[in-house]
Amino acid sequence: MSLAQILNIWPNSPVLSLIIALLVAVFLLYLARRPAHKAIYSLSRVIHNGFRLMARSVLIAEKKVVERNNEVLLTVGAKAAERLIEREFHRVDAVVRRDMSGYPALQRKLADQITHIDEDYRESTELPVPPPDWVKAVETLAKLPSKGDGWVANILGEIHKTGVSQYKSSMEEHRKAVAKRHSLLEKMMPYWRKLSQTLDQVDKTIIGLHERTRVVDSRMAEYEEIRNKTDKAAHMLTASSMTQFFISAFVLLIAIGGAVINFNLIALPMSEMVGGGSYIGNFKTSNIAALVIILVELAMGLYLMESLRITHLFPIIGQMDDKMRTRMIWVTFTILVILAGVESALAFMRDRIAADMQVLRQALASVETTQPAMRWIPTVGQMVMGFILPFALTFVAIPLESFVHSSRTVVGVAMAALLRLITFVLRLLGDAAYYTGEFLVNIYDLLIFPPLWLENLIRSKERQTDAKDSIVKEEVS
Amino acid sequence: MKKLLAFSLLSISLLLSGCPDTTTHSQGVYMLLDSSGTYRLEVKKAQAIINYLLGTLQPGDSLAMARIDSASFSEKDIIAKMTFDRRPSLTNQQKRLFKQKIDGFFATVKGSAFTDITGGVLQAVEYLNETGSGKKFILIFSDLKEELAKGHVRDFPIELSGCRVVALNVTKLRSDNIDPREYYKRVEAWQARVEAGAGHWRLINDLERLDTILAE
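Reading guide: rules and limits
Residues numbered from 1 in each chain as written. Chains lettered and ligands numbered in written order. Predicted model: local features only at pLDDT ≥ 70, side-chain atom pairs only at ≥ 80, totals over all residues. Helix = DSSP H or I, 4+ residues; strand = E, 2+ residues; numbered from the N terminus. Expected span 1.5 Å × (residues − 1). Bend = angle between axes of the 7 residues up to and from the residue. Buried ≥ 20, exposed ≤ 12 C-beta atoms within 10 Å, placed from the backbone. Contact = placed C-beta atoms within 7 Å. Axes fitted to C-alpha atoms, helices over the stretch in contact; angles between N-to-C directions. Parallel < 35°, antiparallel > 145°, perpendicular 65-115°, else oblique. Left-handed = near helix turned anticlockwise from the far one by under 90°. Nonpolar A, V, L, I, M, F, W, Y, C, P; charged D, E, K, R; others polar. Pairing = 2+ DSSP bridges.

Peer 1: How should I be thinking about helix H11 (residues 376-394) of chain A in this particular structure?
Peer 2: Side chains that are three or four residues apart share a direction in an α-helix, a result of its 3.6 residues per turn. Residue and element names in this part refer to chain A. Look at H11: 28 Å from first C-alpha to last across 19 residues, which is about the 27 Å you get at 1.5 Å a residue. At isoleucine 388, H11 shows its maximal bend, which comes to roughly 30 degrees, and the proline proline 390 appears one to four places after that position. Those residues of H11 lying buried are Gln382, Gly386, Leu389, Pro390, Leu393 and Thr394. Close packing links the buried residues of H11 with helix H7 (231-274), helix H8 (285-307), helix H10 (322-364) and helix H12 (397-447).

Here it is in structure tokens:
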């Protein structure tokens, strides 16, 4: 018995059959209203709660990721701040060693200069011997009136002459003494200048030290913030990591460009060494060999930077004793020089092969071969590039280290953001499930609105009757 | 530690020299040149194709050129054949030598009485299989009209699996102009024969687009 036959309740009258079927269905749905509502609500709540639970779990994971990020960030930041402070102290130490170690000598120099100045000053303060007191007496006698007495007049004249000559000699001596004082004062000038210069030098050193201490203070303040695990420090370090990440990524892109140029310089001549027609997988062996050379150069560059303690990617190299480290520096540098020489030779070979190919192509195309002017310039250019690029690639270690360190933070932040987004979506889905349940219940009621309407009608009448009965009872009582 | 170092060095040396796959990526090209009758006049175009091939083929590839004459299933009909060295510098020298041989042939090319294309194709398959090339191309520079000498048997299936047969510059004969169906029949017959032998068939009449010859 098919479904159509079952639904065909009233034979030969499909419309009537359909109406009867609908009425029966509505009636059945009305009867099953409560359990159906419960089922819909429980299903929607299960889904809602499930999503909420998942959202909570993801949120907890996000918090853990954020905490872990902060922990890593603050640890790395603290180490970096410690290194900076240590470096500042080293600088201060260097200044103190360089300038302050000379302070006893400087002090002696200053004392000598001051002694010189003092002596000169003392000498310059010594007054010339004043004219003797008897000169005044002679002058007084010389000024006495002679009253016409020739002998007395002669005596007085002689006295006067003696007085004048004495005065002149005294003045002469006085002038000499003044001139000597002036010359002494003049001698003091260079000492004063030297003293001033020495004090300026000291001043500069002190100012320099003062500035360094200010830098140390600010670094210490940052370090304290980091040690106290404040939000400000975390934000500051995150922003710094982000900046580092993008800058180092940009520099790495430039380095990749350099590596590509390097690769093109040596890929063709490598086919002369390993064969142009051989493949490893889908890649030409010559290309792989060229890539290996570039990667070896990069590795050597990394080791060199590590050995020089410029980067700190491999702790084992940093922990080596100085003798071993120096050996490593020389070994890596020698390998780099050899590789640079090989690259330069390969670049030369590339130029020759390319020129030969060009000549062959021209011959095949029946074009007259011409030797371009200044042919040596690109050859030399390629050789120089081949020699320099390996050393230039050495410096990739610095942005690589920044990239590796900052990417930890950036990936952590991105992960936290992703987890937050997942939380939001899960919550949204949970709420959607909840309100879908409500919506389905309403749709259910809409489908069975006739019996519901009747039920409401009957109930309202019952309520009215009950109300009347209660009023009557109250009146009677 | 020493063992580890030795193993690493061995791995690197194997990677760089021992393992390379030299066959599957190499190309083998065998060009058949029809030198019969009026088609002899088309050799200039054939020279351009050879020049293009010499400029395109890479170290490790193989190239051979043979003429189609009255009995082409013979090594004697191979004008020049070469498997290019792995080193580009030597490859260039080989290409120059190849060109010299071909130019010498073109200067003294003589017409043949019959056209044994099937024999040439069989010889091409034999040569290409010997080279062990990954991609095998048989270029037939002919009008595809086969004319066999009395007693020569060529009406049997040819094994062409893995070979790409490219018919180049299939010129229309005077009789084709009277009844073009003859031309189409000729081409279709060759296509059917190649495909029956598990080969790939292609027809290129526009020689301005030489880059399509070795296209996949």
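Moving on, there is more to tell.
Peer 1: I would appreciate a short explanation of the packing of H10(A) against H11(A) in the present structure.
Peer 2: Describing two packed helices takes the angle between their axes plus the distance from one axis to the other. Residue and element names in this part refer to chain A. Interhelical geometry of H10 versus H11 gives an angle of 150 degrees and a closest axis separation of 8 Å. Put simply, H10 runs roughly antiparallel to H11. The way H10 lies across H11 gives a crossing that is right-handed. Of the residues in H11, those touching H10 at Leu336, Leu339, Ala340, Glu343, Ser344, Leu346, Ala347, Phe348, Arg350 and Asp351 are Pro378, Thr379, Gln382, Met383, Met385, Gly386, Phe387, Leu389, Pro390, Phe391 and Thr394. The residue inventory of the contact of H10 with H11, partitioned by class, reads 13 nonpolar, 5 polar and 3 charged.

Peer 1: Quick question: what am I supposed to make of the interface of chain B and chain A here?
Peer 2: It is common to report an interface's size as the accessible area lost on association of the parts. The interface is formed by 23 residues belonging to chain B together with 18 residues belonging to chain A. In terms of residues, the side of chain B that touches chain A owes the most to one element, helix H3 (residues 88-107) of chain B, which gives 6 residues. Looking at the side of chain B that touches chain A, its residues break down into 7 nonpolar, 9 polar and 7 charged.

Peer 1: Would you mind showing me how to read the sheet that holds strand E1 (residues 27-34) of chain B here?
Peer 2: The strands making up a sheet associate through backbone hydrogen bonding, with each pair oriented either parallel or antiparallel. Residues and elements named next belong to chain B. Spatial strand order, E3-E2-E1-E4-E5-E6: 6 strands in an open sheet with mixed pairing. For this open sheet the edge positions go to strand E3 (78-83) and strand E6 (200-204), each flanked by a neighbour on one side alone. The mean inter-strand angle of the sheet, taken between neighbouring strand axes irrespective of direction, is 15 degrees. By the bridge criterion, 7 bridges tie E1 to strand E2 (residues 62-68) in an arrangement that is parallel. Opposite methionine 31, over in E2, you have methionine 65 as the bridge partner.

Peer 1: How do you make sense of unusual backbone geometry when you look at a structure like this?
Peer 2: When glycine is set aside, most residues are seen to have a negative phi, and most peptide bonds are trans. All names here are of chain A. Residues other than glycine seldom take positive phi values, yet lysine 229 does so here, at roughly 55 degrees. Inspection of the secondary structure assignment puts lysine 229 in the loop between helix H6 (150-227) and H7. Residue arginine 309 is not a glycine yet carries a positive backbone phi of 60 degrees. Locating arginine 309 in the fold gives a position in the loop between H8 and helix H9 (315-318). Arginine 309 sits in the exposed class, given 11 other C-beta atoms within 10 Å.

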